[in-house]
Amino acid sequence: MTLEVIAFWTFAVLLVGAGLAVVIGRNLFHSVLWLALALVSTAGIFLTLDAEFIAAVQVLLYAGGVVTVVVFAIVVTERLVGERISQTSRHLAAGGIVAAGVLILLLRGITHAGIALPRPPLEGDLTRQLGTSLLTRYVLPFELLAVLLLVGLLAASYFARPEE
Amino acid sequence: MTMDPVTLVLVALLLPAASALVIGVMPPLRRAGRTAAWFSIACIAASLTSAILAWRAFHGDGAGEPIRAAWSWLPSAHGPFATVGVLVDSTSTTMLLLVTLVATLVQIYSTCYLSDEPSPALGRYYGLQSLFAFSMMGVVIAPNLLQLFICWELVGVCSCLLIGFWYRKPEAARAALKAFWTTKLGDVGLLIGIVLLQRATGTFDLVELRHLAEVQQIPLAGLSIITFCLYMGAAGKSAQFPLHVWLPDAMEGPTPVSALIHAATMVTAGVYLLVRTDWLFALTPNVLAIVCWNGAFTALLAATLACVQTDIKRVLAYSTVSQLGYMMAAIGAGFASCGFFHLLTHGVFKALLFLGAGAVIHAVGSNDVADMGGLAKKMPQTAIVFLIGTLSLAGIPLFAGYASKEAVLGSVWVGGFHIPFFLLLFSAFLTAFYMFRVVFLAFFGASDIGHRTSDIDRAAPGDSHDTAHHAHGHAHDPSHLHDAPLPMTGPLWVLGLIALGIGLYFTVRPPDHPEFEAVRWLSPAAIGMGLGGILLAYLTYQREAISADALASAFAPIRTAALHKFWLDDIYVGLYRHVLLAFSRAIGWIDRYLVDGVLNVISAWTLDGGDRLRRMQTGKVQDYVWAVGLGLLALMAWIGVTW
Amino acid sequence: MPLQAYLTLAAVVFCLGLFGTVTRRNTVGILLGIELMLNAVNINFVAFSRFHGNDAGMIFTLFAICITVAEVALGLAIVILLFRTRKTATADHVDWLKG
C-alpha cells in the first residue's frame, strides 16, 4: 500500500461522493459546496498525476472562481430552499438509464481497449515544460484564449446590465 | 395529257386544303365573306379539273395496276411504322371525280342559297367546305388504314361543324353533336379493327394487306372480329341500323351541306371503306352476311319511315339511309362493284334532289310539303330536274338509278340472300311511292300554299328547321315563287344532265353481269315495283282516287311506330341517361370515396403522425440533452465499443 | 495506479454529471452537472498526457479550464437574465421553443 495508492483512493472516494451529493442534493446551495469539494478532490487527483501546475490552476480558477460566481448567481436568483430534484419518474428513470448505459459502455471500452501503459518517469520540470510550450508551440491558442476571455467578459457584462 | 396521275391526285387533294388553311389563317379574308367564297370555289374547281385529268391519266391506256406513292412518317426499328401518301387506282380516281364534282357544284350553289348570311359566317362556311373536301378526298386516296382513319375522323369533325353551322339554334347544335357522337360510336369499332389488323398482320398498308390476303397469309383466327369492327365504323358513317339516327336530324344544316355530305360524300365513306377492303371481307363470309342482312333491313326501315314524313328534307334523308342500305346489301352479297356503282349514281341524283329541294325551300320559305303545291308551273326548271332525280331514284329505265339498282338487286339474289332480296324489292316499291308522293304534293296539284291541309298529322316529331333563316325576307305569298337564280339552277342542270346521261348510257350499254342476266324475271320485277309505287302515289295524291286517310288508317300501328321513329331515339336517350350516366355516377362515387378516400386517409394519417411526432420537441433543454445522451449510447452500442 | 483506474474514475464522474444535467430542475443545478462532466474530461486528459509523456494533454486541460470559466460566467449571466425577465429559474418553464 504505497502512499500513492492511498492518496488516489482517498481523492477518488471524495470526488465520487461529492459528485453524488451534487446531483442528488435537494438544497442547491449545499450542492454548490459539495461541488467545491469535488473540484478540490480533482486537484488532488491531478497531484497524484504529478501535474502540480494543473492542480494549482484547478484550485484557483475552479474551486475559487467558478464556485464563487455560482454562489452569486444563486443568491441573485433566490429559490435556495425547497428546490427538489425533478420527481417526475420520467426524468429520473430516463436519465438514470441513459447515464448508467453510458457508464457501462465506457467501462467496457476501457477494460477491453487494452491500453495498459506503464507510467513513464518524469523528465524535468513539468511546469517549466508547460510554460515553454504554452508560449512557443501553443502561443496562438493562448492569444486566442485571451481574446475569448475578453469577449466573454464583455458579453457577460452586457447580459447582466441593469434594466432601463 | 401525260401528267403523272399521282401528281394530279396530290394537286386535287391539296388545293382545298390550302384553301381551308388560307381562309382559316387569314381572318380578313374570312370576314370578307364573298371573297372567301370565290377563293374556295376557285380551288375546288381546279381540284375538279385535276381529278378529271388524273382519271383520264390513269384510265388512259386501260386501267393499270394501282399506283401507290407513300412517304415514311412514323419511324420504327424495321422500317417506317406508318406512311402517308396516295393510292391511285380505279376506285379512288372515280370516287375522287364524284367528290370534287359534287363539292364544286355545292359550293357554287351555296353562294346563292346562303346569300343572306353575314359575311364572317359565309367565310367560315367556305373554310369548312374546303376542309371537308380535303378530308373526304383524304379518305378516298388513303393508301393505308391509319391515314384513312385520321381523315375519317376529320370528316366527322367537319360534318359536325357544317351540320351545326347555325350553331345559335339549339336544334342545330344538338343535331351536330348527335351526328358526331353516333358516328364516333362506330369509329371506336373502326379503330379497334385497324389496330387488331395491324397486330395480326404487321402492316397498315392496303396494298400489302391485299397481297397478304391473296396469298392466304392473313391469320383467319379472329379475323371476323376485325372485319366486324371495321363494319361498325362503316355502319356509323353510312347510317346503318342502329346507327342511322343521326342522319335525319342532320337536316338541321343548310341544304347544300346536306347535298354534299348526306348524299354523295360523307355517308358514302363507309360504303367506300368496305369496297376498298372487300378482299378482306371476302375471307369472313359470316360478317358479309351480317352486312347484307343489316343493309336490307335498314333499307326497308328507312323507306317505311320516309313514308310518313312531311318535311321534304327528312324524306330525302331517310331515302339516303335506305339507298345506303342497298349499297351495303350488294357488298354483303359479295359484289362490291355493284355497291360502288350504286354509290356513284346515287351520289349524283341524290345531290340533285337535295339541291332541288333547297331551291324549293329557298322559294317557298318552308320545308313542309303541306306548304307547297303546284310549283311545277311557277318553277319549271326546278320541277324538271327534280323529276329527273326522282325517276332515277325510283329506278326507271333511261334514268341513272335504273342500272345500278338492277345490279344491286341482281347481286343480292345471286349471292343467295333471298329474304333480303324481297326486303329490297319491297323497299323499291316504297321508294317510288314516297318520292312521288312528295313530287305530286309539292309540284303538282292545287296551288294553295298555306291553305292546303296536310293529310298527315303535323305532329311528326322533330321536323328540321333550316327554314328559319329563309323565312326572313321571303314572303309566303305565291307571287314570290320563281325559279332560283343561275348559281342555283346551274348546278341543278349539270347534275340533271349527268344523271340523264348516265341513265341513257347504261340503258343502251348495260353493265356486263352474265349471272344477273340469268335471272330473267329480275328486271321486270324491279321496274314493275317502281311503276307500281308511282301509280299508287298518283292515285292517292294527284287523283285522290284513293283516300290518303284511308291508306293511313289501314296501316295505323305501323304509322304510329314510324311517326315515333320506332322509338329508337328514345332507346338511345334512355341508354344514355340510365345506363351511361348511372355508370358515370357510380364511377364518380368510387373516385370520390374510394380513390380520393384512400388518399385522404393517408394524408390524414400523415398529418396526425406529424402532430404526434411534434410533441417530441418539448422545448426543454434537458430533454434535448437526454436525447443526445441516448444518441451517444446508441452510437457506442452500435460501434460495440470494441475499439 | 494504472491508467485504467484514472479512466474509470473519470467515466464515473462523467456519468454522474450527465445524470445531474438531465434530471436537475434548477438551471444552476444543470450548470453544476456540466461542471462535473468537464472535470471528468480534464482528469482524462491529464492522465493520458502523463502516461504518454506528451504535454499536449495538459495544455489542453489548461485551455479547457479557462474556457469553462468563461462559459460558466456567460451561462450564469443568461440565468440571471432569464430570471429577471421571466421570474423563473426552473428549466422546465423555459419551453418557448416547443414544436
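Model, not experiment: these values are computed from the prediction. (Residues numbered from 1 in each chain as written. Chains lettered and ligands numbered in written order. Predicted model: local features only at pLDDT ≥ 70, side-chain atom pairs only at ≥ 80, totals over all residues.)

Our next topic: the overall build of chain B. Scanning chain B from terminus to terminus reveals 28 helices and two strands. For chain B, buried positions account for 51% of its 643 residues. For chain B, restricting intrachain contacts to residue pairs at least 6 apart in sequence, the fraction spanning at least 24 positions comes to 82%. (Helix = DSSP H or I, 4+ residues; strand = E, 2+ residues; numbered from the N terminus. Buried ≥ 20, exposed ≤ 12 C-beta atoms within 10 Å, placed from the backbone. Contact = placed C-beta atoms within 7 Å.)

What chain C contains, in helices and strands, is three helices and zero strands. Walking chain C from its N terminus toward its C terminus, one meets helices and strands in the order α-α-α. When each of the 99 residues of chain C is scored for burial, the buried share is 55%. Of all intrachain contacts in chain C linking residues separated by at least 6 positions in sequence, the fraction that spans at least 24 positions is 42%.

Taken together, the contacts link 58 residues of chain C with 71 residues of chain A. Listed by contribution, the elements that provide at least two residues to the side of chain C that touches chain A are α1 (3–23), α2 (27–52) and α3 (56–86) of chain C. Among the elements that line the side of chain C that touches chain A, the one with the most residues is α3 of chain C, at 21 residues. Of the residues belonging to the side of chain C that touches chain A, the class tally is 42 nonpolar, 10 polar and six charged. (Nonpolar A, V, L, I, M, F, W, Y, C, P; charged D, E, K, R; others polar.)

Moving on, we come to the nonpolar core. Within the largest apolar cluster, 201 residues are counted, with the highest numbers of intra-cluster contacts made by A329 and V412 of chain B. V412 of chain B has contacts with C292, A329, A330, A333, F417, P420, F421 and L424 of chain B, leaving out every residue within four places of it along the chain. A12 and A43 of chain A together with A77 and V79 of chain C belong to the second largest nonpolar core, which has 70 residues in total. (Core = buried A, V, L, I, M, F, W, Y, C linked by C-beta atoms within 7 Å.)

Moving on, we come to the packing of helix α3 (residues 52–77) of chain A against α2 of chain C. At their nearest, the axes of α3 of chain A and α2 of chain C sit 11 Å apart, and the two run at 175° to each other. Here α3 of chain A lies roughly antiparallel to α2 of chain C, going by the angle between them. Where α3 of chain A approaches α2 of chain C, its residues I54, V66, V70, A73, I74 and T77 of chain A are matched on the opposing element by V28, L31, E35 and V46 of chain C. (Axes fitted to C-alpha atoms, helices over the stretch in contact; angles between N-to-C directions. Parallel < 35°, antiparallel > 145°, perpendicular 65-115°, else oblique.)

Helix length check: helix α14 (residues 285–307) of chain B, at 23 residues, gives a terminal C-alpha distance of 33 Å against a target of 33 Å (1.5 Å per residue), a fit within 8%. In terms of burial, α14 of chain B is largely enclosed, as 18 of its 23 residues are buried. (Expected span 1.5 Å × (residues − 1).)

Relative orientation and spacing of two packed helices are given, respectively, by the angle between their axes and the distance between those axes. With their axes 9 Å apart at the nearest point, helix α6 (residues 139–159) of chain A and α3 of chain C run at an angle of 10° to one another. One way to sum up the angle between α6 of chain A and α3 of chain C is to call them roughly parallel. In this structure, α6 of chain A uses P141, L145, L148, L149, G152, A155, A156 and F159 of chain A to contact α3 of chain C, whose residues at the interface are F63, C66, I67, A70, A73, L74, A77, I78 and L81 of chain C. Residues that form the contact of α6 of chain A with α3 of chain C fall into these classes: 16 nonpolar, one polar and no charged.

So, on to the environment of F83 of chain C. Looking at the element boundaries, F83 of chain C is found in helix α3. The spacing of F83 of chain C and T27 of chain C is 56 residues in sequence and 10.0 Å in space, taken between C-alpha atoms. Those residues in contact with F83 of chain C that lie beyond four places of it in its chain are V76 and T77 of chain A together with T88 and A89 of chain C.

Across the boundary between the two partners, chain B contributes 10 residues, which contact 12 residues of chain C. Here the side of chain B that touches chain C gets five residues from one element, more than from any other, and that element is helix α28 (residues 621–639) of chain B. A breakdown of the residues in the side of chain B that touches chain C according to their chemical character gives three nonpolar, five polar and two charged.

This part is about unusual backbone geometry. Cis rather than trans, the peptide bond between F241 of chain B and P242 of chain B has omega equal to -5°. Unusually for a residue other than glycine, D50 of chain A sits at a positive phi of about 65°. Its location among the elements puts D50 of chain A in the loop between α2 (28–48) and α3. When the 13 C-beta atoms within 10 Å are taken as the criterion, D50 of chain A is described as partly exposed. Backbone geometry at A239 of chain B places phi at a positive 50°, although glycine is not the residue there. Among the secondary structure elements, A239 of chain B is positioned in the loop between α9 (223–237) and α10 (246–249).

Turning to helix α15 (residues 312–332) of chain B, a few remarks are in order. All names here are of chain B. For α15, spanning 21 residues, the distance from its first C-alpha to its last is 30 Å, which sits close to the expected 30 Å at 1.5 Å a residue. Counting buried positions over the 21 residues of α15 gives 21, a clear majority of the element. One or two positions beyond α15, positive phi appears at G334, with a value near 105°.

Turning next to the environment of V22 of chain B. Relative to the helices and strands, V22 of chain B resides in helix α1 (residues 5–25). When the C-alpha atoms of V22 of chain B and A36 of chain B are compared, they prove to be 9.2 Å apart, with 14 residues separating the residues in sequence.

We now examine the confidence of the model for chain C. All names here are of chain C. When pLDDT is averaged across chain C, the result is 89; 99% of the residues are at 70 or more. Confidence scores differ between elements of chain C, with α3 showing the lowest mean pLDDT of 89 and α1 the highest of 93. The ipTM, which scores confidence in the relative placement of chains, is 0.90 for this predicted complex, and the corresponding pTM is 0.68. (pLDDT = per-residue confidence, 0-100.)

Averaged over all residues, the pLDDT of chain B is 83; the fraction at 70 or higher stands at 92%. Confidence drops under a pLDDT of 50 for residues 450–476 of chain B, and excluding neighbours within four residues, the segment shows 52 contacts in the predicted structure.

A word on the environment of V348 of chain B. Residue and element names in this part refer to chain B. By the element assignment, V348 lies in helix α16 (residues 336–364). Look at V348 and you get buried, because 26 C-beta atoms sit within 10 Å. As for V348 and A499, which are separated by 151 residues in sequence, their C-alpha atoms are 6.4 Å apart. Among all residues touching V348, those that are not within four sequence positions of it are A400, L495, I498, A499 and I502.

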